[in-house]
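# An overview of the molecular structure
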Amino acid sequence: MLGNLDWSTLQQLWWLIVSVVGGLFVFLTFVQGGQTLILTLAADANEKTLITNSLGRKWELTFTTLVLFGGAFYASFPLFYASSFGGAYWVWLAILFTFIIQAVSYEFRRKPNNFLGQKTYEIFLFINGTVGVLLIGAALGTFFTGSNFTLNAYNLVHWTHSLRGLEAAFSLFNLSFGLFLVFLARTLGALYLANNLDHDSLVRRLKKSGFNNLLCALPFLLYVLVSLILMDGYAVNPVSGVVTMEAHKYLNNLLQMPLNLVLLLSGLALVIVGVVLNRFTASVRGIWPAGLGTVLTCLAIFFLAGYNNTAFYPSKVDLASSLTIYNASSSHYTLTMMSYVALTVPFVLAYIIWVWRQMDSQKLTLKELTADKKSY
């Protein structure tokens, strides 16, 4: 059945799958955002332990989804993987390093005879939640601003900047994109913790924190959106495959794909609804509309970068080296086989949802942590 689909349909299908996994990953960065609240919101050691353990029960989901995102990208669009990881390796190594110290922190924060002390590991978690997310945002920003690479006739990458990908963080657009993700993660982290913890005074502060962090995110979001509307983009000729600069390309994409515009606006509206629900009502369930809104917003961003004859990984120094979902994808056979495997994903998601509901069936309390000798 799937083998009868033409190659271009499979390429678009896999861009959709990668976009969904990417959107889920950004939602799950509530773990990283929550980690940054340990040092800035918790009033004492007990509150720090409560926040750490609530997030500690979910951090592996975020890490696994990041690996799944990378794996899906590698298998479906290997030329992107080879170009970006082969050329911009310093930025990816920096991102991975922040996730390594995250894993170490959860494992050793409360180990007996911990010579570094709990504060050191809490700082590590803060670095993962700020630097890690910031660099991921800067890397994703290059989908619109371009990167410094060329490909030769054998698709071997040559990176033309000595910082090997770290230079992305020095672009105002990429930096704003990254800072928006940092404050969005902090917002989602506050909403998640407010829904998961049984601690009245801490929950009251978390409800305020979610609103305040959304206010901090808005200037960066506004800058990114205005820039996307005004900037020129990398258009692909659907017949020849030649990449050229097109004035207001991403605005044109929004107008020519009205469903994408609806996704973007409804996603942002749902995030605001979730935060307002927590801040101005007694409800603590704002994480769910905000989480759905985050996924929809990310889908719109990915669609903007990859669909409607757009180069999703453009080269600033050589337009001919830019990557599209058509010239960077795996073969028809590989995409077909992976599509059959992808049919099992809904069952995996259903299992994850069931496990999540079991873990969160009761709110986390200090009494429960005191009795748990294996708490983080």
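Going by the structure above, here's the rest.
Below you will find a few notes about this structure. (Residues numbered from 1 in each chain as written. Predicted model: local features only at pLDDT ≥ 70, side-chain atom pairs only at ≥ 80, totals over all residues. Heavy atoms only, no water.)

### Let's talk about the nonpolar core
Core analysis: the largest hydrophobic core is formed by 106 residues, its most contacted members being Trp15, Phe143, Phe144 and Phe312. When residues in this core are grouped by element, the largest group, 13 residues, is from helix α8 (residues 172-196). What phenylalanine 312 contacts, discounting residues up to four positions off in sequence, is Trp15, Phe73, Phe80, Phe143, Ala305, Gly306, Leu323, Thr324, Ile325 and Ala328. (Core = buried A, V, L, I, M, F, W, Y, C linked by side-chain atoms within 4.5 Å. Buried < 20%, exposed > 50% of the residue type's maximum accessible area, 1.4 Å probe, protein only. Helix = DSSP H or I, 4+ residues; strand = E, 2+ residues; numbered from the N terminus. Contact = heavy atoms within 4.5 Å.)

### Quick word on helix α6 (residues 89-108)
Helix length check: α6 (20 residues) gives 28 Å between terminal C-alpha atoms against 28 Å at 1.5 Å per residue, within 8%. Looking at α6, one finds that the buried residues are Val91, Trp92, Ile95, Thr98, Phe99, Ile101, Gln102, Ser105 and Tyr106. Those residues of α6 that are buried lie in contact with α1 (7-28), α2 (30-40), α3 (45-56), α4 (59-76), α5 (78-87) and α7 (118-145). (Expected span 1.5 Å × (residues − 1).)

### Focus on α3
Its 12 residues give α3 an end-to-end C-alpha distance of 16 Å, which sits within 8% of 16 Å, the value for a rise of 1.5 Å per residue. Extensive coverage of α3 is indicated by the burial of 10 of its 12 residues. Among all positions of α3, only Glu47, Lys48, Thr49, Leu50, Ile51, Thr52, Asn53, Ser54, Leu55 and Gly56 are buried. One side-chain oxygen of the residue at the start of α3 lies 3.1 Å from the amide nitrogen of asparagine 46, identifying that residue as aspartate 44. (Polar contact = N/O pair within 3.5 Å; in protein donor to acceptor, adjacent residues only side chain to side chain.)

### Looking at a nonpolar patch on the surface
Together, Val345, Val348, Leu349, Tyr351, Ile352 and Trp354 line one region of the surface with nonpolar side chains, adding up to about 570 Å² of accessible area. Relative to the helices and strands, valine 348 is located in helix α14 (residues 345-359). Exposure remark for valine 348: the relative accessible area of 47% places this residue in the partly exposed category. (Patch = residues over 30% accessible without salt bridge, like charges linked within 9 Å, V, L, I, M, F, W, Y side chains within 5 Å. Areas by Shrake-Rupley, 256 points an atom, 1.4 Å probe, with all protein chains shown as cover. Salt bridge = Lys/Arg side-chain N within 4 Å of Asp/Glu carboxyl O.)

### Side note on the pattern of salt bridges
Taken as a whole and judged by the stated rule, the model has six salt bridges. As a salt-bridge pair, aspartate 360 and lysine 58 come within 2.8 Å of each other at their nearest N and O atoms. Taken together, the residues aspartate 360 in the loop between α14 and α15 (366-371) and lysine 58 in the loop between α3 and α4 connect sequence positions 302 residues apart. Residue classification places aspartate 360 among the partly exposed positions, given a relative accessible area of 23%. The closest approach of N and O atoms between arginine 109 and glutamate 122, which form a salt bridge, is 2.9 Å. Here glutamate 122 lies in helix α7 and arginine 109 lies in the loop between α6 and α7, a separation of 13 residues in the sequence.

### Observations regarding the pairing of strand β3 (residues 233-236)
Burial along β3 is two-sided: Gly233 and Ala235 facing one way and Tyr234 and Val236 facing the other are all buried. Two successive antiparallel strands, β3 and strand β4 (residues 243-246), enclose a turn made up of six residues, where glycine 241 displays a positive phi of approximately 80°. (Pairing = 2+ DSSP bridges.)

### Observations concerning the side chain of serine 176
Mapped onto the elements of the fold, serine 176 is located in helix α8. Of the residues examined, serine 176 reaches a relative accessible area of 5% and is grouped as buried. Those residues in contact with serine 176 that lie beyond four places of it in its chain are Phe220, Tyr223 and Val224.

### Focus: the environment of serine 209
Structurally, serine 209 is set in helix α9 (residues 200-230). Excluding anything up to four places from it in sequence, serine 209 contacts Leu37, Leu41 and Ala190.

### Looking at the packing of aromatic side chains
The description of two aromatic rings rests on the distance between their centres and on the angle between their planes. Evaluated as defined, the whole model comprises 39 aromatic pairs. Here phenylalanine 27 and phenylalanine 30 contribute two aromatic rings whose centre-to-centre distance is 5.6 Å and whose plane-to-plane angle is 50°, an arrangement assigned as tilted. When the ring of tyrosine 81 is compared with that of phenylalanine 85, the centres are 4.3 Å apart and the planes differ by 15°; the resulting orientation is stacked. Placement of the pair is tyrosine 81 and phenylalanine 85 together in helix α5, with a separation of four residues, close to one helical turn. An aromatic cluster of at least three residues, connected via ring pairs, comprises Trp15, Phe69, Phe73, Phe77, Phe80, Phe143, Phe149, Trp159, Phe302, Phe312 and Tyr313. Its guanidinium or amino end placed over the ring of tryptophan 356, lysine 58 lies 4.8 Å from that ring's centre, counting from NZ or CZ. Above the face of the phenylalanine 280 ring, arginine 279 is positioned so that its terminal group lies 5.4 Å from the ring centre. (Phe/Tyr/Trp six-rings, centres within 6.5 Å; stacked < 30°, edge-to-face > 60°. Lys NZ or Arg CZ within 6 Å of the ring centre and 35° of its normal.)

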